[in-house]
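Here is how the chains run, residue by residue.
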Amino acid sequence: MIKDITIGQFFPGNSFIHKLDPRAKIVITFVFISALFLCKNFFSLGLLFLSALIAIAISRISFKVILNGLKMIVVLVVFTGILQLLYNDDGAVLWKPFEQLDFAVTTGGVFSSVFIIIRIVSLILFSSLLTYTTSPTMLTDAIERLLSPLKLFKVNVNSLAMMMTIALRFIPTLIEEIDIIMSAQKARGADLETGSLTERAKALVPIFIPLIVSSFRRAYELAFAMECRCYTGDNKRTRMKEMKLSVRDYISFAVLIILVAAVVGTSFFMNSSFILFERVI
């Protein structure tokens, strides 16, 4: 199950999104995430969720791959949804399981729970496309270009971009390593799925220790390989592919501007209309 998680992986392709400039994809992703937190109602949130699904369809990434990438946030999504049900008491009471306790499931809690879940899922769906459709090399170059103004403040942008990309790229590698270690421990008779919470936590110790050792070994091998190839990370490095904005990038920016304007409009103006309508009633 663990090895099916696809976060951080790159899937080569020839789609419209694959051909976008990496810098454009990073900017679009950050603007999309910002727009998600501007949503005030289900109209604006549904618009962004639909946009994320359309982007996935255009990228030609299998929906099975996308669903596998959501496995890591299932617990987070469920836990967040339950918290919203517990602490949001707005609206009419739908269910009160214990009369002696000050707890009830309300319409406001249900709406808030569903709203937060859709927001988190939309965020993961759209942000995953960045790594699914961009190679680590191009992603590193794009981060270097976008962070280049920080060089005025003596920030080592090249090393920073490389560290960010390597950390992102090592996620699927570590997940695969965990699966291998767990399979090896199970073959030796280790029980990782039954017992109390304390017993299951103790059973994870033989997994984390080999994982930490393997991570340090991989980091050393990577550093040694980069040193053998004379990698310095300075500005004098040449690149096989030079990044240049094309027509498809400007089209994407135009669509993004329209989308953000629609989100702002539906978030604020519709809310104002609903408030005015309620006061009139």
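What you see is a predicted model; the values in this text were computed from it and never measured.

Topic: the overall build of the protein
- On a plain count of helices and strands, the protein comes out with 10 helices and two strands.
- Moving toward the C terminus, one meets the helices and strands of the protein in the order α-α-α-α-β-β-α-α-α-α-α-α.
- For the protein, with 281 residues in total, the buried portion stands at 35%.
- Summed over all atoms, the accessible surface of the protein reaches about 17700 Å², with 69% contributed by carbon and sulfur.

Some words on the side chain of threonine 134
- By the element assignment, threonine 134 lies in the loop between helix H5 (107-132) and helix H6 (136-146).
- Polar side-chain contacts of threonine 134 include one of 2.9 Å to the side chain of lysine 25.
- A distance of 2.8 Å separates a polar atom in the side chain of threonine 134 from the backbone oxygen of leucine 130.
- Threonine 134 has contacts with Phe10, Pro22, Lys25 and Leu139, leaving out every residue within four places of it along the chain.

Regarding helix H1 (residues 22-36)
- Along its 15 residues, H1 runs 21 Å from first to last C-alpha, staying within 8% of the 21 Å computed at 1.5 Å per residue.
- Residue aspartate 21 occupies the N-cap position of H1, its side-chain oxygen lying 2.8 Å from the main-chain nitrogen of arginine 23.

Some details on the packing of helix H4 (residues 74-87) against H5
- Running from N to C, H4 and H5 cross one another at 155°; their axes reach a closest spacing of 8 Å. Overall, the two elements H4 and H5 adopt an arrangement that is roughly antiparallel. Of the two possible hands of crossing, H4 and H5 adopt the one that is right-handed. Facing Val77, Thr80, Gly81, Gln84 and Leu85 of H4, the residues of H5 in contact are Gly109, Val110, Ser112, Ser113, Ile116, Ile117 and Ile120.
- Residue composition of the contact of H4 with H5, grouped by class: six nonpolar, six polar and no charged.

A closer look at the nonpolar core
- Within the largest apolar cluster, 29 residues are counted, with the highest numbers of intra-cluster contacts made by Phe32, Leu48 and Leu125.
- Residue assignment for this core shows that the elements contributing at least two residues are H1, helix H2 (42-59), helix H3 (63-69), H5 and helix H10 (247-280).
- Residue contributions to this core peak at nine residues, all from H5.
- In terms of nonpolar packing, the next biggest core, distinct from the first, is built from eight residues, Leu130, Ala142, Ala161 and Met243 among them.

Concerning the pattern of salt bridges
- According to the stated counting rule, one finds three salt bridges in the structure shown.
- Aspartate 21 is the salt-bridge partner of arginine 23, the closest N and O atoms lying 3.0 Å from each other. Neither residue differs from the other here; arginine 23 and aspartate 21 are each classed as buried.
- In this structure, arginine 218 and glutamate 177 form a salt bridge, with 2.9 Å as the shortest nitrogen-oxygen distance. Taken together, the positions of arginine 218 in helix H9 (residues 205-228) and glutamate 177 in helix H7 (residues 157-187) put the pair 41 residues apart, joining distant regions of the chain.

Examining the packing of aromatic side chains
- Tallied over the entire structure, the rule returns five aromatic pairs.
- On the basis of an interplanar angle of 10° and a centroid distance of 3.9 Å, the ring pair of phenylalanine 32 and phenylalanine 126 is categorised as stacked. Here phenylalanine 32, found in helix H1, pairs with phenylalanine 126, found in helix H5; they are 94 residues apart in sequence, far enough to count as distant.
- Accessibility expressed as a relative area gives 2% for phenylalanine 32, which makes it buried.
- Given a relative accessible area of 12%, phenylalanine 126 falls into the buried group.
- Feature note: the residues Phe42, Phe111 and Phe115 constitute an aromatic cluster, connected by ring pairs.

Some thoughts on a nonpolar patch on the surface
- On the surface, Phe16, Leu50, Ile54, Ile58, Val247, Ile251 and Val255 cluster together to form a nonpolar patch covering roughly 630 Å² of accessible area.
- Sorting the residues of the nonpolar patch by element identifies H2 and H10 as the ones contributing at least two each.
- With respect to the element layout, leucine 50 can be found in helix H2.
- Under the relative-accessibility criterion, leucine 50 is labelled partly exposed at 46%.

What to know about the packing of H7 against H9
- Where H7 contacts H9, the axes come no closer than 10 Å and their chain directions differ by 140°. Comparing their axes, H9 and H7 come out oblique. Note on packing geometry: the crossing formed by H7 with H9 is right-handed. Across the interface between the two elements, Met162, Ile166, Phe170, Thr173, Leu174, Glu177, Ile178, Ile181, Met182 and Gln185 from H7 touch Pro206, Ile207, Pro210, Leu211, Ser214, Ser215, Arg218, Leu222 and Met226 from H9.

Rules and cut-offs
- Residues numbered from 1 in each chain as written.
- Predicted model: local features only at pLDDT ≥ 70, side-chain atom pairs only at ≥ 80, totals over all residues.
- Heavy atoms only, no water.
- Helix = DSSP H or I, 4+ residues; strand = E, 2+ residues; numbered from the N terminus.
- Buried < 20%, exposed > 50% of the residue type's maximum accessible area, 1.4 Å probe, protein only.
- Areas by Shrake-Rupley, 256 points an atom, 1.4 Å probe, with all protein chains shown as cover.
- Polar contact = N/O pair within 3.5 Å; in protein donor to acceptor, adjacent residues only side chain to side chain.
- Contact = heavy atoms within 4.5 Å.
- Expected span 1.5 Å × (residues − 1).
- Axes fitted to C-alpha atoms, helices over the stretch in contact; angles between N-to-C directions.
- Parallel < 35°, antiparallel > 145°, perpendicular 65-115°, else oblique.
- Left-handed = near helix turned anticlockwise from the far one by under 90°.
- Nonpolar A, V, L, I, M, F, W, Y, C, P; charged D, E, K, R; others polar.
- Core = buried A, V, L, I, M, F, W, Y, C linked by side-chain atoms within 4.5 Å.
- Salt bridge = Lys/Arg side-chain N within 4 Å of Asp/Glu carboxyl O.
- Phe/Tyr/Trp six-rings, centres within 6.5 Å; stacked < 30°, edge-to-face > 60°.
- Patch = residues over 30% accessible without salt bridge, like charges linked within 9 Å, V, L, I, M, F, W, Y side chains within 5 Å.

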